[in-house]
Amino acid sequence: EIKRSYLGYAYTYNNEFSAKITFDVGSNDGGSAYTAFLKIASLTWSASDNMKINFGMIGTKNFKFMEKAWGKRYIYKSLLDQQKWASSADAGASVDYQLSDNLYIDMQILNGDGYKNTQGENGMMRGGGGVTYKMGALAIRASVDMVPRTSYGESNEMQTINTVAAAYNMGM
């Protein structure tokens, strides 16, 4: 039995522009056997050899570093996903910039509600940025994700998630 599937298509217009569309089809709690969600509907502009700008319903940076390092996806939801602190896709824009052969930075501004909810009632955005440094087989990433809280009190008005991850490729 197939419980979940991704259906998608990618097209490269020229050296500068490409597009991607992906649907996430799976079972749900709403009574029907399957529901299709638009997960990715993005346009990517390669503004230069060092910079890419991605906008639309885009893939976020939250899980990509470790998935790329392992060459696999998560078997079970990560803590970020399980606690709904992050989503793998969201409406917004991102910029990736390569400073050198070893140093990369990225920034994103997102709707904050993920791809299954196109807009929450508070209408607040989330943003974040990251730095990735590669040194041979070792890669290190530090990132910050800032999310406005849905309820405000005397404490902080922002939820900030800081992460540091390292991956070592043993060539296997």
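Just so we're clear, the structure is a prediction, and the values are computed from it rather than from any experiment.

(A) Local environment of the overall build of the chain. Regarding its fold elements, the chain presents two helices and nine strands. With 172 residues in all, the chain has 26% of them scored as buried. At a minimum sequence separation of 6, the contacts of the chain that also span at least 24 residues come to 42%. Counting every atom, the chain has about 11600 Å² of accessible surface; 56% of that belongs to carbon and sulfur.

(B) Region of the structure containing the pattern of salt bridges. Counting across every chain of the model gives three salt bridges. Arg141 is paired through a salt bridge with Asp106; the nearest N and O atoms lie 2.7 Å apart. Highlighted residues: Arg141 in strand E8 (residues 138-148) and Asp106 in strand E6 (residues 103-110), separated in sequence by 35 residues. Comparing Arg141 with Asp106, the two get one shared label, buried.

(C) Region of interest: the pairing of strand E4 (residues 51-59). Alignment of strand E3 (residues 35-46) against E4, held across six bridges, turns out to be antiparallel. Its bridge partner being in E4, Ser46 is matched across the sheet by Lys52. Between E3 and E4, which follow one another and run antiparallel, lie four residues.

(D) Highlighting the packing of aromatic side chains. Under the counting rule described, the total for this entry stands at two aromatic pairs. Seen in terms of ring centroids, Tyr11 and Tyr13 are 5.0 Å apart; in terms of plane orientation they differ by 75 degrees. Their pairing is edge-to-face. On the basis of an interplanar angle of 10 degrees and a centroid distance of 6.3 Å, the ring pair of Phe17 and Trp45 is categorised as stacked. One end of the pair, Phe17, is in strand E2 (residues 17-26); the other, Trp45, is in strand E3, with 28 residues separating them in the sequence.

(E) How the structure looks around the layout of surface pockets. What the largest pocket holds in volume is close to 1500 Å³. A per-class count over the lining of the largest pocket returns 15 nonpolar, 16 polar and 13 charged.

(F) Broad picture of the side chain of Asp106. Its relative accessible area of 8% is what places Asp106 among the buried residues. A distance of 2.7 Å separates a polar atom in the side chain of Asp106 from a polar atom in the side chain of Arg141.

Procedures and definitions
Residues numbered from 1 in each chain as written. Predicted model: local features only at pLDDT ≥ 70, side-chain atom pairs only at ≥ 80, totals over all residues. Heavy atoms only, no water. Helix = DSSP H or I, 4+ residues; strand = E, 2+ residues; numbered from the N terminus. Buried < 20%, exposed > 50% of the residue type's maximum accessible area, 1.4 Å probe, protein only. Contact = heavy atoms within 4.5 Å. Areas by Shrake-Rupley, 256 points an atom, 1.4 Å probe, with all protein chains shown as cover. Salt bridge = Lys/Arg side-chain N within 4 Å of Asp/Glu carboxyl O. Pairing = 2+ DSSP bridges. Phe/Tyr/Trp six-rings, centres within 6.5 Å; stacked < 30°, edge-to-face > 60°. 1 Å grid on protein atoms, 1.4 Å probe; cavity = no way out; pocket = protein on both sides within 12 Å on 5 of 7 lines; lining within 4 Å. Points joined across faces, edges and corners; volume = space filled by probe spheres on them. Nonpolar A, V, L, I, M, F, W, Y, C, P; charged D, E, K, R; others polar. Polar contact = N/O pair within 3.5 Å; in protein donor to acceptor, adjacent residues only side chain to side chain.

Everything listed is a geometric property; what it means functionally is a separate question.
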